[in-house]
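# Breakdown of the fold
So you can see what is in the structure, the chains are spelled out below.
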Amino acid sequence: MTLDKIDNPEPNERESFPQHECGLFGVFGHPNAAVLTYYGLFALQHRGQESAGIVTSNGPGTSFLIHKDMGLVSQLKGSRAIGHTRYSTTGTSTIKNAQPFVVDCVRGQMAIAHNGNLINADVLRDELERKGSIFQTTADSEIILHLLAQPFDNGANTLAALRRIEGAFSLLIMSERELIAVRDPFGWRPLSLGKLDDAYILASETCAFDLIHAEFVREIKPGEVLIIDEDGMRSEFPFQPQQPAFCMFEYVYFARPDSIIGGVNVGKVRTEMGRELARQFPVEADIVVPVPDSGNYAALGFAEELKIPFGHAFVRNHYIGRSFLQPSQLIRDFDVRVKLNLIKEMVAGKRVVVIDDSIVRGTTARARVVNLREAGAKEVHMRVSCPPHRFACHYGIDFPDPQKLIANQMSMEEIRKYLGVDSLGYLNVEGMVRATGKPLNEFCLACFTGNYPLPVDPALDKFIMEKREARAKALVEQERHPTLFADLK
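Residues numbered from 1 in each chain as written. Predicted model: local features only at pLDDT ≥ 70, side-chain atom pairs only at ≥ 80, totals over all residues. Heavy atoms only, no water.

### Things to note about the sheet that holds strand β5 (residues 101-105)
Strand order in the open sheet made by the 6 strands is β5-β6-β7-β8-β12-β13, with antiparallel pairing throughout. Looking at the sheet topology across the chains shown, the edges are occupied by β5 and β13 (232-236). Averaged over all neighbouring strand pairs, the angle between strand axes comes to 20°, with direction disregarded. Of the strands in this sheet, β5, β6 (108-118) and β7 (167-175) are in contact with helix α4 (residues 141-148), which crosses β6 at around 140°. (Pairing = 2+ DSSP bridges. Helix = DSSP H or I, 4+ residues; strand = E, 2+ residues; numbered from the N terminus. Axes fitted to C-alpha atoms, helices over the stretch in contact; angles between N-to-C directions. Contact = heavy atoms within 4.5 Å.)

### A look at the confidence of the model for the protein
Looking at the protein as a whole, the pLDDT averages 84, with 79% of positions reaching at least 70. Considering only residues more than four positions removed or in separate chains, one finds that residues 323-327, a stretch of pLDDT under 50, has 29 contacts. Below a pLDDT of 50 lies the segment residues 474-489, which in the model reaches 2 contacts outside its immediate sequence neighbourhood of four places, other chains included. (pLDDT = per-residue confidence, 0-100.)

### Digging into the pairing of strand β10 (residues 199-203)
Counting buried residues in β10 gives 5 out of 5 residues, a clear majority hidden from the surface. The side-chain alternation of β10 yields two buried faces, one formed by A199, I201 and A203 and the other by Y200 and L202. Both strand β1 (residues 22-28) and β10 contribute to a ladder of 4 bridges, which runs antiparallel. Bridge pairing links V27 to I201 in β10. Taken together, the 5 bridges between strand β9 (residues 192-196) and β10 define a ladder with antiparallel strand orientation. Looking at the pairing, S192 lines up with A203 of β10. Where β9 hands over to β10, the hairpin turn is made up of 2 residues, of which D197 adopts a positive phi near 55°. (Buried < 20%, exposed > 50% of the residue type's maximum accessible area, 1.4 Å probe, protein only.)

### Here we look at the packing of helix α8 (residues 266-280) against helix α9 (residues 296-306)
Axis separation between α8 and α9 bottoms out at 6 Å; the angle between their running directions is 45°. Compared by their axis directions, α8 and α9 come out oblique. Here α8 runs over α9; the crossing is right-handed. In this structure, α8 uses G267, R270, T271, G274, R275, L277, A278 and R279 to contact α9, whose residues at the interface are Y297, A298, G301, F302, E304, E305 and L306. Considering only residue class, the contact of α8 with α9 consists of 6 nonpolar, 4 polar and 5 charged. (Parallel < 35°, antiparallel > 145°, perpendicular 65-115°, else oblique. Left-handed = near helix turned anticlockwise from the far one by under 90°. Nonpolar A, V, L, I, M, F, W, Y, C, P; charged D, E, K, R; others polar.)

### Some thoughts on the pairing of β6
Among the 11 residues of β6, 11 are classified as buried, and the element is accordingly described as predominantly covered. When β5 meets β6, the two strands line up antiparallel, connected through 5 bridges. Across the sheet, the residue bridging to D104 is Q109, located in β6. The hairpin formed by β5 and β6 contains 2 residues between the paired strands. The pairing of β6 with β7 spans 9 bridges and is antiparallel. Across the sheet, the residue bridging to I112 is I173, located in β7.

This is the structure we're talking about:
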């Protein structure tokens, strides 16, 4: 194969780095709910930087207040609120797709914030549109809102609606009287419950609790629907039980290292991944250098295990966010150049081990190696704290087409030559899982192994809604425009 497909994506083609979904934050029963949500979203910005929004309410009889923008959010008033910070996994990056989504329907006012990705979104939207639903966005999350907005059916409509959706979903739903947290039966995406004084707090990660001094209570269980109202909390479990399939990439990259997931500190897991990597691929070297920030803890574990000096030779510009979370190719290319600068004096004449959390397309990793060679590094060895990514993710991480994943297109030796390193080592699946202290069968490893816990349509991708609209437009152009009042003729 040639390298052109990896090095030079087509014009206007979406960047093929892995991209994440969203962060959720909710408050019930606090007079400063909006302010708490505002700060909670700051703590979750690593989960998405495209847009953010907050919806607040003072309870029954008051209008929901909404603020959404392509960035951070301003403060609103209310005793309950939900907030969302977004990276798009289904639907384009536009203000109309910014969440939370809000409707005023037969069931009153409702707002929803969604982290994850539905695998049956296309089928459900077709069905809803045939029944007269009108969609304002191309995000799969709006489908959930339409299902929830259907009239009551013996009090079971909400749970029945939730049973219709398939895929990865952690949800916050706010009605005029309740705040509802939902986690899919596989538990793909994290969602936790906290307490601040008498108020309940919900967040994608526990690091958001720390910022506002909320007490962590517990994680929302896979398949749980937690309902919070003025009378307290209660739980429903409307889904068929499934084997847990928590996304391993949360531990590898996406979650903040100060978060607790599954009772384990994320930073500690990453440090142990580095130790496992050192045991599998030891090397004689003078310095271990992380690719900050996500490679820091794995590099520390690697260095400690082999007793090699650890040094921050790459200095991160903290005014630049996560480069692959940026939606524009032009912006991302600029970020890659600006994000890290090399301290040449730390690597000149030395045998260097570079630790990264993952290599997806390989272009950025190769640029780092070039920098090290130009700085006078004697040897450059690359170690990666997760297995090679060979398969697409359909559950909320926007991994690219497998044809753009370097490990799907090249052998390990070809990757080593492409990166220009003296040696290359990826942590295997067993070592990665062992670092968590949890059983192998509790994780989704589909992007590494190709074994999908829930069958998916191979044609599924993040722009499926836009493609639907394009098909509909083409049909209209081929035929005469539909007649709205044919029955009057």
